[in-house]
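Below are the chains, spelled out letter by letter.
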Amino acid sequence: MEKHKRVLLTGGHGFIGCHIANLLNKQGHTVGVVDSYRDYNHYNQHNIGEYEKVLKLRIDHAGKVDLYKVDILDDTGLHEAFMKFNPDVVIHLASCPNAKILQFNAREETETAVQGTLRVLEMCIKNAVKRIVLSSSSMVYGDFKVDEPDEIHKCFPKTLYGSYKLANEFMVKSFHKDHPQLEYSILRPSAVYGTNDVTMRVISQMAKTAYEDNEINITGPTNRLDFTWVEDLAEAFSLAAFSDGARNNTFNASRGRGRPILEAGMLVKHHLGNLGITCKINTRSSDPFYPNRDTLNSRKFKRATGWNPRTDIEEGIKSYIDYFSLVNSL
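Thresholds, definitions, all that
Residues numbered from 1 in each chain as written. Predicted model: local features only at pLDDT ≥ 70, side-chain atom pairs only at ≥ 80, totals over all residues. Heavy atoms only, no water. Disulfide = S-S within 2.5 Å. Buried < 20%, exposed > 50% of the residue type's maximum accessible area, 1.4 Å probe, protein only. Helix = DSSP H or I, 4+ residues; strand = E, 2+ residues; numbered from the N terminus. Expected span 1.5 Å × (residues − 1). Contact = heavy atoms within 4.5 Å. Salt bridge = Lys/Arg side-chain N within 4 Å of Asp/Glu carboxyl O. Lys, Arg positive; Asp, Glu negative; His and termini not counted. Polar contact = N/O pair within 3.5 Å; in protein donor to acceptor, adjacent residues only side chain to side chain. Phe/Tyr/Trp six-rings, centres within 6.5 Å; stacked < 30°, edge-to-face > 60°. Lys NZ or Arg CZ within 6 Å of the ring centre and 35° of its normal.

**Student:** Lay out the state of the cysteines in plain terms, naming residues and giving numbers.
**Tutor:** Using the criterion set out here, one finds 0 disulfides in the structure. No disulfide involves Cys-18; its sulfur sits 18 Å from that of Cys-96, the nearest cysteine. Cys-18 sits in the buried class, given a relative accessible area of 0%.

**Student:** Lay out helix H11 (residues 313-327) in plain terms, naming residues and giving numbers.
**Tutor:** Its 15 residues place the ends of H11 20 Å apart at the C-alpha level, agreeing with the 21 Å of an ideal helix rising 1.5 Å per residue. Burial in H11 covers these residues: Ile-313, Gly-316, Ile-317, Tyr-320, Ile-321, Tyr-323, Phe-324 and Ser-325. Next to the buried residues of H11 lie helix H2 (50-62), strand E7 (192-193), helix H7 (202-213), strand E10 (228-229), strand E12 (259-260) and helix H9 (261-273). Backbone geometry just downstream of H11 places Ser-329 in the positive-phi region, at approximately 55°.

**Student:** Summarise the pattern of salt bridges; cite the residues concerned and give the values.
**Tutor:** Oppositely charged side chains may form a pair once their charged atoms are brought near each other. Under the defined criterion, the tally for this structure stands at 24 salt bridges. Close ionic contact of Asp-66 with Arg-6 constitutes a salt bridge, the shortest N to O distance being 4.0 Å. Residue Asp-66 is found in strand E3 (residues 66-69), and its partner Arg-6 is found in strand E1 (residues 6-10); the two are separated by 60 residues along the sequence. On the accessibility criterion, Asp-66 (31% relative accessible area) is partly exposed. Between Arg-247 and Glu-183 there is a salt bridge, and its shortest N-O distance comes to 3.0 Å. Residue Arg-247 is found in the loop between helix H8 (230-242) and strand E11 (249-253), and its partner Glu-183 is found in strand E6 (residues 183-189); the two are separated by 64 residues along the sequence. What you see here is one network of salt bridges that share partners, running through Arg-38, Asp-71, Glu-108 and Glu-109.

**Student:** Explain the side chain of Glu-50 to me, using residue names and the numbers behind them.
**Tutor:** Looking at the secondary structure, you find Glu-50 in helix H2. Comment: no salt bridge for buried Glu-50; closest opposite-charge side chain is Lys-208, at 5.7 Å. In this structure the side chain of Glu-50 is engaged in a polar contact, spanning 3.1 Å, whose partner is the backbone nitrogen of Thr-199. Excluding its chain neighbours within four sequence positions, the residues that come into contact with Glu-50 are Asn-41, Val-198 and Thr-199.

**Student:** Hey, could you go over the packing of aromatic side chains for me, with residue numbers and the actual values?
**Tutor:** The final tally for this structure, using the stated rule, is 10 aromatic pairs. Taking the centre distance of 6.0 Å and the plane angle of 85° together, the rings of Tyr-141 and Phe-144 count as edge-to-face. Residue class for Tyr-141 comes out buried when judged on its relative accessible area of 1%. Seen from the ring of Phe-85, Arg-6 lies directly overhead, with NZ or CZ sitting 4.3 Å from the centre. Just above the ring of Phe-251 sits the side chain of Lys-300; from NZ or CZ to the centre is 5.2 Å.

Listed below in structure tokens is the structure:
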């Protein structure tokens, strides 16, 4: 792996971005962050005030960065960030973090998802960036049609979120075709969870409702997700940025072990119980909005880069609950 590169992260003070920045700093790279600091909770007046608290933790965890507070739709601001930082590699993470938030705010978020990615790609070409790493999603597949789909599984996204992620993939590949000097690597994570997240994903929502209401509400208890610990995923992004084996290719990037959502809920209940918080689990039918998923086959990326995700939910959920208890002073 190459050392001491200049890496610019769009959305670098987000949930995943702060962990990537932390790792890149440890590896000796120079890190730049472009972030607009949009609080998506304001869309539905949900968990008001939470983002500001979590953002402080993210900024601290990311560590030393050259910061550019700018929206990727701001041509002038984005141009200045690229000119000043002069990145070798760009990791593009800036996007709506949640499929339902995007669905309910489609007009505004379409601009970020499509026009924002276009602007980032244009800046990469203008500033001779060597490689762009795109954060895509397992949502591009829609319903899994086979056990452990690999990257040749046909993509039929069920949501706008998945559709835009797939469109971003085509945009990146098209830019590379027209500008071969811009290498790319595309990662498709699944069910990411971990520290420094707001409560809008499965594990964090379970912990929040258990703490506040003494209940865990599980939609589709037998549905399986390939829960991926965020620090394992951060390592995947670092490898995608620098490994020769990751050049000009698309990869699944998940733990590789689908687990029932009910099993995750039982672990949340158990670890909170160790802290004196008791709760009951309520179950209801699956939400047809989301595709049916399970284990994602990430062996291609492992072979190409040596990536070795190690964190199962037994360990990961305990680490998350430890974090959750500290933040909420349990």
